[in-house]
Amino acid sequence: MKTMLAIISNALCRITGRTVLLIDLSEYVNVTSPAAPALAATPRQPPKPPPVSARASAAELVSAQSDQLDRPGARVVVSRSFADFTPQASFDIKKCDVHRLEEGPPLKAELTREQGLQYYRIMQTVRRMELKADQLYKQKIIRGFCHLYDGQEACAAGIEAAINPSDHLITAYRAHGYTYTRGVSVKEILAELTGRKGGVAKGKGGSMHMYAPRFYGGNGIVGAQVPLGAGIALACQYQGNDQVCVTLYGDGAANQGQLFESFNMAALWKLPCIFICENNQYGMGTSMERASASTDYYKRGDFVPGIRVDGMDVLCVREATKFAADHCRSGKGPIIMELQTYRYHGHSMSDPGVSYRTREEIQEVRSKSDPISMLKERMLSNNMASIEEFKEIDVAIRKEVEDAAQFATSDPEPPLEELCNHIFHNNPPLEVRGTNPWVTLKSVS
Amino acid sequence: TFRVTVRDALNQAMDEELERDERVFLLGEEVAQYDGAYKVSRGLWKKYGDKRIIDTPITEMGFAGIAVGAAMAGLRPICEFMTFNFSMQAIDQVINSAAKTYYMSAGQQSVPIVFRGPNGASAGVAAQHSQCFAAWYGHCPGLKVVSPWSAEDAKGLLKSAIRDDNPVVFLENELMYGVPFEMSEESQSKDFTIPIGKAKVERQGNHITLVTHSRYVSHCLDAAAVLAKEGIECEVINLRTIRPLDVESIETSVMKTNHLVTVEGGWPQYGVGAEICARIMEGPAFNYLDAPVTRVTGVDIPMPYAKILEDNSVPQIKDVIFSVKKTLNV
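Criteria and thresholds
- Residues numbered from 1 in each chain as written.
- Chains lettered and ligands numbered in written order.
- Predicted model: local features only at pLDDT ≥ 70, side-chain atom pairs only at ≥ 80, totals over all residues.
- Heavy atoms only, no water.
- Helix = DSSP H or I, 4+ residues; strand = E, 2+ residues; numbered from the N terminus.
- Rg over C-alpha atoms; globule rule 2.2 N^0.38 Å.
- Buried < 20%, exposed > 50% of the residue type's maximum accessible area, 1.4 Å probe, protein only.
- Contact = heavy atoms within 4.5 Å.
- Areas by Shrake-Rupley, 256 points an atom, 1.4 Å probe, with all protein chains shown as cover.
- Phe/Tyr/Trp six-rings, centres within 6.5 Å; stacked < 30°, edge-to-face > 60°.
- Lys NZ or Arg CZ within 6 Å of the ring centre and 35° of its normal.
- Pairing = 2+ DSSP bridges.
- Axes fitted to C-alpha atoms, helices over the stretch in contact; angles between N-to-C directions.
- Buried area = accessible area lost by both parts, 1.4 Å probe.
- Salt bridge = Lys/Arg side-chain N within 4 Å of Asp/Glu carboxyl O.
- Polar contact = N/O pair within 3.5 Å; in protein donor to acceptor, adjacent residues only side chain to side chain.
- Nonpolar A, V, L, I, M, F, W, Y, C, P; charged D, E, K, R; others polar.
- UniProt positions renumbered as here; feature names shortened; annotations may be inferred.
- Parallel < 35°, antiparallel > 145°, perpendicular 65-115°, else oblique.
- Left-handed = near helix turned anticlockwise from the far one by under 90°.
- 1 Å grid on protein atoms, 1.4 Å probe; cavity = no way out; pocket = protein on both sides within 12 Å on 5 of 7 lines; lining within 4 Å.
- Points joined across faces, edges and corners; volume = space filled by probe spheres on them.

K.L.:
What should I look at first to understand the overall build of chain B in this one?
P.N.:
The helix and strand tally for chain B stands at 12 helices and 14 strands. On C-alpha atoms alone, chain B measures out to a radius of gyration of 20 Å, which is about the 20 Å that the 2.2 N^0.38 rule sets for 330 residues. Oriented by its inertia axes, the alpha-carbon framework of chain B measures out at about 60 × 40 × 40 Å. Within chain B, buried positions represent 61% of all 330 residues. Partitioning the intrachain contacts of chain B with sequence separation of at least 6 by distance along the chain shows that 82% fall at a separation of at least 24. Of the roughly 12600 Å² of accessible surface on chain B, a fraction of 53% belongs to carbon and sulfur atoms.

K.L.:
Can you walk me through the overall build of chain A in this structure?
P.N.:
Each helix and strand counted, chain A has 12 helices and 14 strands in total. Counting across all 445 residues of chain A, residues that qualify as buried make up 53%. Split by element, the accessible area of chain A, about 20300 Å² in all, is 53% carbon and sulfur.

K.L.:
Help me understand the packing of aromatic side chains in this model?
P.N.:
The geometry of an aromatic ring pair comes down to the distance between the two centres and the angle between the two planes. Across all of its chains, the model carries 15 aromatic pairs over all chains by this definition. For the pair A:Tyr282 and A:Tyr356, a centre-to-centre distance of 5.3 Å together with 50° between the ring planes defines the contact as tilted. Here A:Tyr282, found in strand 9 (residues 282-283), pairs with A:Tyr356, found in the loop between strand 12 (335-340) and helix 10 (359-369); they are 74 residues apart in sequence, far enough to count as distant. For A:Tyr282, a relative accessible area of 8% translates into the label buried. Here the aromatic residues B:Phe63, B:Phe81, B:Phe84, B:Phe115, B:Phe133, B:Trp136 and B:Tyr137 are joined through ring pairs into a cluster of three or more. Between the NZ or CZ atom of A:Lys187 and the centre of the ring of A:Phe407, over which it lies, the distance is 4.5 Å. It is B:Lys144 that lies over the ring of A:Phe424; its NZ or CZ is 4.7 Å from the centre.

K.L.:
I would appreciate a short explanation of the sheet that holds strand 7 (residues 245-250) of chain A in the present structure.
P.N.:
Backbone hydrogen bonds hold the strands of a sheet together, and the pairing may be parallel or antiparallel. All names here are of chain A. Reading across from one edge, 4-11-12-8-7-6 is the order of the six strands in this open sheet, with mixed pairing throughout. Every interior strand has two partners, whereas the edge strands, strand 4 (97-99) and strand 6 (168-170), have only one. Within this sheet the neighbouring strands show an average axis-to-axis angle of 20°, counted without direction. Sheet topology places strand 6 next to strand 7; three bridges connect them, and they run parallel. Following the sheet pairing, Ile170 is matched in strand 7 by Thr247. Contacts between helix 7 (residues 257-269) and the sheet are confined to strand 7, strand 8 (273-279) and strand 12, with strand 8 contributing the most and set at about 150° to the helix.

K.L.:
Even after reading the chapter, I still don't get the interface of chain A and chain B, so can you show me in this structure?
P.N.:
Put simply, an interface is often sized by how much accessible area is lost when its parts join up. Counting residues at the interface gives 37 residues for chain A and 44 residues for chain B. Here chain A packs against chain B, burying approximately 3600 Å² in sum over the two surfaces, 65% of which is carbon and sulfur. In this assembly, chain A and chain B are joined by one salt bridge. The partner of B:Glu282 in a salt bridge is A:Arg433, and the shortest N-O contact between them spans 2.3 Å. Viewed at the interface, chain B and chain A are joined by 17 residue pairs in polar contact (both at pLDDT 80 or more). Counting residues per element, the ones that place at least two in the side of chain A that touches chain B are helix 6 (225-239) and helix 7 of chain A. Ranked by residues supplied to the side of chain A that touches chain B, first place goes to helix 6 of chain A with nine residues. Across the side of chain A that touches chain B, the residue classes break down as 21 nonpolar, 12 polar and four charged.

K.L.:
Explain the UniProt feature "domain: Dehydrogenase E1 component" (unreviewed entry) in chain A to me, please; I cannot follow it from the model alone.
P.N.:
UniProt's entry tags residues 123-416 of chain A with the feature "domain: Dehydrogenase E1 component" (unreviewed entry), counted in the numbering of this structure. With 46% helix and 11% strand, residues 123-416 of chain A has end C-alpha atoms that lie 36 Å from one another.

K.L.:
Hey, could you run me through the UniProt feature "domain: Transketolase-like pyrimidine-binding" (unreviewed entry) in chain B in this one?
P.N.:
The UniProt record marks residues 4-179 of chain B with the feature "domain: Transketolase-like pyrimidine-binding" (unreviewed entry), using the residue numbering of this structure. Within residues 4-179 of chain B, the helical portion is 36% and the strand portion 16%, while the C-alpha atoms at the span's ends are 8 Å from each other.

K.L.:
Can you help me understand the environment of B:Asn258 in this one?
P.N.:
Residues and elements named next belong to chain B. By secondary structure assignment, the location of Asn258 is in the loop between helix 9 (247-257) and strand 13 (260-263). When the C-alpha positions of Asn258 and Val68 are compared, they lie 44 Å apart, and in sequence the two are 190 residues distant. If we skip the residues at most four places from it in the chain, Asn258 touches Tyr288, Leu289, Asp290 and Ala291.

K.L.:
Explain the packing of helix 2 (residues 113-138) of chain A against helix 5 (residues 186-193) of chain A to me, please; I cannot follow it from the model alone.
P.N.:
In helix packing, the relevant descriptors are the interaxial angle and the interaxial distance, both defined with respect to the helix axes. All names here are of chain A. Closest axis-to-axis distance for the helix 2/helix 5 pair is 11 Å, and the angle between their directions is 20°. Taken together, the axes of helix 2 and helix 5 are roughly parallel relative to one another. As helix 2 packs across helix 5, the resulting crossing turns out to be right-handed. Taking contact as the criterion, the partners of Thr125, Met129, Lys132 and Ala133 in helix 2 are, on helix 5, Val186, Ile189, Leu190 and Leu193. Looking at the contact of helix 2 with helix 5 residue by residue, the class counts come to six nonpolar, one polar and one charged.

K.L.:
Please clarify how the layout of surface pockets should be interpreted in this entry.
P.N.:
Empty space among the atoms becomes visible once a probe the size of a water molecule is rolled across them. All names here are of chain A. As a volume, the second largest pocket reaches approximately 480 Å³. Arg143, Glu192, Gly195, Gly203 and Gly206 are the residues nearest the centre of the second largest pocket, which is lined by 24 residues in total. Residue composition of the lining of the second largest pocket, grouped by class: 10 nonpolar, eight polar and six charged.

Structure representation (structure tokens):
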């Protein structure tokens, strides 16, 4: 409550030019909201503000930074409390095509105000982080491979919303979004991209090799992460911990033989593995029709059940992932999800992305199906949040990303003493041959 | 002492480690109900069941990847390749997913896995089933590569490999499985291990150093016995580990004998012997050499089938004897 009032009061300060003191009136107002409507209907009118309270002394000061109460012009203004916003609403989501399943995920998704703002925050952070990476790459501060995720944010955000932090996730090289949703800060991600010691892998991994607890990268070899994911699921089953492994791959990797080997063993042994094909329609520069004899990626598991999901709708992704996780946790074995999504950037930073698709196509997806816009419009039209709130979140994210970029460009590169470390785990120090026989370097675990 | 075949020693090692740590499990083709293609895992499935001893379909890339993933998530798999020839189908998982990950993650993600199976020439199995992979795997940082010879080597090194928190490639030899060896008292202890990365001097000698690994240790010892009758005393070093290479042991020996012959089953070009030559030249032992190092290797051809051809494709005892005499110029 305090943070929200601080945000609003700062906004009001900027708008009115006056110092503003906001009182948390929740103790004076009944904040139990009425039951959520079955379908969010017309927006409700805000109530008339009550008269200026004489209880300023009892107020909790919430906007403390530059406010000076002894200055003339201090006003007491009452904020809109949470009771003004719809706390929860139900949304229709696209029906999923199913393969070898009696029924699919539900056709409606519940969304609370808090969840909506959280998903928005996550997707917007990933979006801005990726755009910042684009900028840094063009400035040649990031080098090598850089595969950007903008356009696909609903996938990472929706999946994380549906699984537990104790579940596991592994993906391919378009991994920055998942690195964030699995708990690594923007700062550590950007610093890894710029190859600094403050990066999540101390600058030794780069774009495609970022790791976190329960997040196994970031994998550079197309398709290799799929058997790894099945193996992580095997470990979950072996240890009997009721956890699942989400194993992601793209439409390009969907034709790899090792995927089918993984599907076979996962089905045979009923491994709790959710195989997810992020179908962004292009494997590098090759459209799915030119690469795959069958583009029904959710059916490619044959004996493994599958669902095809609207990957641009965070709620659809969330509901489908919940459905898939329940399937796995109940011991039914693996399941495949195909998320239909889109990437705005080319395959990587060296690909302008317009030689094999049209600018019109990209623009159409941006204007009609952008995941962040879709969520925002849903929340606004159901009075679940205000435009100012979204703007505040955007401003805060911009600052976070800017600060992270600042760190990523100023943090020093890893020291040369680090060069040979981390070859072996729990090993006594060893010597490593340098570039010539007179250079012997030291390696510690 | 105990007379134990290499096969049984390997079996003992796995049995003891499976019992000691419930995170250890074995997967591979025919390891369970068939008792192992070469019977190395005989009896283990009966004792430990389906959860710990897993038969896989014939999908090396898939099951090697699954093994690596399981290792990343907290288990300690032993991944058997029926022969290392088939590991080529899975080599990306061994190198890119297993060996490099600890480094790429700057120490966050370790991969405690053992890849084991028979390596190198067998008998009459022809070109696609006879390749030696010591040089290929020995090339890669992030891997440990072990090549036991005796039963004691096999047991102690396999236990060390399983207990090691890093990816270990364990190169066995099919022709050695049935060979019995005397095993020491201490090797019967459940905590008996042999350190990875230390060579062993199997026979002391003053005139020339023979460095070798796996099956060719036997050849070198037999050659040394014959040469001893002519007054030539060979020092035979059993490498035991290909990577990291115990160069110090070789250097110490060469500084005593002044002559070096390497013996291996693999091809010469870019092989284990080639690496030893280069290392000796770069170190203190070079100045002690009275002659260039000689490499005895497999013939640089795909392995033929006919017995007479196959026999002449790999080093024989007479090749070792001949090379020793040439090196000593006698």
